[in-house]
Amino acid sequence: ALAGAALVQRAPRLDEAIARRRVALVGALLVLYPLLLPRLGFGVTTALALFALGRVIAPLALARLAIFALVSAVIAVALFRRLLAVPLPAGPWGF
């Protein structure tokens, strides 16, 4: 009976399993982001990363999340290029 109780206590709850999965996915996204920057460019990579992070952290409606990701990426590109004059990696589409 004690061994069974120990197994029940050690089994991760569903919430913990979901949290661990989310942490792993965010970690994977953080590794992929700099690898995709030279290939896709800052704007596209940032939009995709924000969309993916939004799906992992707070699953919202796809349209709302896509709009958020695109608007945020456009603002980030404008901020870095225009205001701060930072050269950003350009992808095959020039942005």
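Residues numbered from 1 in each chain as written. Predicted model: local features only at pLDDT ≥ 70, side-chain atom pairs only at ≥ 80, totals over all residues. Heavy atoms only, no water.

What follows is about helix H4 (residues 62-83). Helix length check: H4 (22 residues) gives 30 Å between terminal C-alpha atoms against 32 Å at 1.5 Å per residue, within 8%. Here H4 has its buried residues at Leu-65, Ala-69, Ala-73, Ala-76 and Val-77. Along the axis of H4, the buried positions cluster into a sector of 95 degrees, meaning they face one direction only. Along H4, exposed side chains directed more than 90 degrees from the buried face belong to Ala-63, Arg-64, Ile-67, Leu-70, Val-74, Ile-75, Arg-82 and Leu-83. Positive backbone phi, approximately 55 degrees, marks Ala-85, located one or two places after H4. (Helix = DSSP H or I, 4+ residues; strand = E, 2+ residues; numbered from the N terminus. Expected span 1.5 Å × (residues − 1). Buried < 20%, exposed > 50% of the residue type's maximum accessible area, 1.4 Å probe, protein only. Arc of directions from axis to C-beta.)

Turning next to the environment of Leu-40. Residue position: Leu-40 is located in helix H2 (residues 14-40). Leu-40 gets classed as partly exposed once you look at its relative accessible area, which sits at 21%.

Moving on: the packing of helix H3 (residues 42-57) against H4. Where H3 contacts H4, the two axes come as close as 8 Å, and the packing angle between them is 140 degrees. Relative to H4, the element H3 lies oblique. The handedness of the crossing between H3 and H4 comes out as right-handed. Counting all contacts with H3, which are made through Phe-42, Gly-43, Thr-46, Ala-47, Leu-50, Phe-51, Gly-54 and Arg-55, the residues of H4 involved are Leu-62, Leu-65, Ala-66, Ala-69, Leu-70, Ser-72, Ala-73, Ala-76, Val-77 and Phe-80. For the contact of H3 with H4, the per-class residue count stands at 13 nonpolar, 4 polar and 1 charged. (Axes fitted to C-alpha atoms, helices over the stretch in contact; angles between N-to-C directions. Parallel < 35°, antiparallel > 145°, perpendicular 65-115°, else oblique. Left-handed = near helix turned anticlockwise from the far one by under 90°. Contact = heavy atoms within 4.5 Å. Nonpolar A, V, L, I, M, F, W, Y, C, P; charged D, E, K, R; others polar.)

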